[in-house]
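# A look at the structure
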Amino acid sequence: VSPCDRPVPPTAGLSHDKWEIHPSELMILEELGSGQFGVVRRAKWRGSIDTAVKMMKVGTMSEDDFIEEAKVMTKLQHPNLVQLYGVCSKHRPIYIITEYMKHGSLLNYLRRHEQSLIGNMGLLLDMCIQVCKGMSYLERHNYIHRDLAARNCLVGSENTVKVADFGLARYVLDDQYTSSGGTKFPIKWAPPEVLNYTRFSSKSDVWAYGVLMWEVFTCGKMPYGRLKNTEVVERVQRGIILEKPKACAKEIYDVMRKCWSHGPEDRPSFRLLKDQLATVAQGLT
Ligand SMILES: CN1CCN(C(=O)c2ccc(Nc3nc(-c4cccc(NC(=O)c5ccc(C(C)(C)C)cc5)c4)cn4ccnc34)cc2)CC1
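Scope of this entry: the structure provided in the associated data block. Since we're looking at a predicted model, the values are computed, not measured.

## What about the pattern of salt bridges?
Following the criterion strictly, the structure yields 17 salt bridges and no others. A salt bridge links Asp147 to Arg151; the nearest nitrogen and oxygen atoms lie 2.9 Å apart. The class of Asp147 is buried, set by a relative accessible area of 8%. Here Glu234 makes a salt bridge to Arg238, at a shortest N to O gap of 2.8 Å. Residue Glu234 is classed as partly exposed on the basis of its relative accessible area, which comes to 39%. Among the residues examined, Arg238 registers a relative accessible area of 57% and is labelled exposed. Several salt bridges share partner residues, and in doing so they unite Glu30, Arg42, Lys44 and Asp50 into one network.

Set out below in structure tokens:
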């Protein structure tokens, strides 16, 4: 019987899980940074592909749940999302391999380039629009980020900005980070319904996006300055919002304010935000 007559089994070519990367395919290079979660290093994959490898310190995340989710995450593909290439899960610590972004976090980029960015409203708005496009794709796929902030976005060549670590927060074991009363919980990016009931949604991502816009237009200032978390919670629940950054046009601040509507249903979707920001961008040229 000729091969073309036999039906090809659906598992053909998938002999091993395609999201599983063999460590021998990685050439580990310099360290990019570290945190309580472990170390991040640059690496060459299959000799030529630039990647970032997160080496997750044992005990920082629920690894089996994450490895299961990684299969879904590798399918989320968009020009403004940091692409997950795969995982090395057959050893400890596990490695999370993503595309490499050569200019590091958006937060550090804003702080390092404040002088050349502060007057360039068009460029700052374009950065916000790129993040909005990535978030609109996640929203369309009913995928909630849970820790959107300038520190969790990355900058690549030609001022490309991409959203990173979407959904990763669900697998962090440190309850100082996961519970809203914890010292590491991102209080300053959280809306009332998350502070009170940890009710995450794409609309809580929209609130965080408003704060990210404020970070961009202040070139990386800390929201609410040195206020303690308890003072921020009190203000947010009373409806006190961040003030307009100096370098920000009124119509851009109006978009931020809509993201900070007290009720999640009053906040725009990322889909709507994308159109509103594109309109504002046209008005700037
Ligand atoms: C000229 N400048 C020189 C200095 N500089 C750099 O050193 C630099 C260059 C490139 C960098 N790129 C990346 N850096 C990182 C990176 C670096 C340090 C720390 C981290 N942190 C994380 O990955 C991370 C930490 C915590 C968490 C949870 C949600 C668990 C709380 C999730 C993720 C990432 C990840 N990347 C993924 C793709 N590309 C990168 C990072 C830094 C930037 C360029």
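The rest of the description comes next.
## Brief notes about helix H7 (residues 202–217)
Its 16 residues place the ends of H7 22 Å apart at the C-alpha level, agreeing with the 22 Å of an ideal helix rising 1.5 Å per residue. Most of H7 sits inside the fold, with 15 of its 16 residues counted as buried. Put simply, Ser201 is the residue that caps the front of H7, since its side-chain oxygen is 3.0 Å from the backbone nitrogen of Lys203.

## Here's the deal with the sheet that holds strand S4 (residues 84–88)
Pairing within the open sheet is antiparallel, and its five strands lie in the order S1-S2-S3-S5-S4. Each end of this open sheet is capped by a strand with a single partner; those strands are strand S1 (26–35) and S4. Put simply, the sheet's adjacent strands are angled 25° from each other on average, direction ignored. Two elements, S4 and strand S5 (residues 95–99), share four bridges in a ladder whose sense is antiparallel. Note that in S5 the partner of Gly86 across the bridge is Ile97.

## Examining the packing of aromatic side chains
Applying the stated criterion across every chain, the model contains five aromatic pairs. On the basis of an interplanar angle of 85° and a centroid distance of 6.3 Å, the ring pair of Tyr143 and Phe166 is categorised as edge-to-face. Of the two residues, Tyr143 sits in the loop between helix H4 (121–140) and strand S6 (153–155) while Phe166 sits in the loop between strand S7 (161–163) and helix H5 (175–178), which places them 23 residues apart along the sequence. Looking at Tyr143, the relative accessible area reads 7%, which means it is buried. Residue class for Phe166 comes out buried when judged on its relative accessible area of 4%. One residue, Arg151, lies across the ring of Trp189, its end atom 4.3 Å from the ring centre.

About the cut-offs
- Residues numbered from 1 in each chain as written.
- Predicted model: local features only at pLDDT ≥ 70, side-chain atom pairs only at ≥ 80, totals over all residues.
- Heavy atoms only, no water.
- Salt bridge = Lys/Arg side-chain N within 4 Å of Asp/Glu carboxyl O.
- Buried < 20%, exposed > 50% of the residue type's maximum accessible area, 1.4 Å probe, protein only.
- Helix = DSSP H or I, 4+ residues; strand = E, 2+ residues; numbered from the N terminus.
- Expected span 1.5 Å × (residues − 1).
- Polar contact = N/O pair within 3.5 Å; in protein donor to acceptor, adjacent residues only side chain to side chain.
- Pairing = 2+ DSSP bridges.
- Axes fitted to C-alpha atoms, helices over the stretch in contact; angles between N-to-C directions.
- Phe/Tyr/Trp six-rings, centres within 6.5 Å; stacked < 30°, edge-to-face > 60°.
- Lys NZ or Arg CZ within 6 Å of the ring centre and 35° of its normal.

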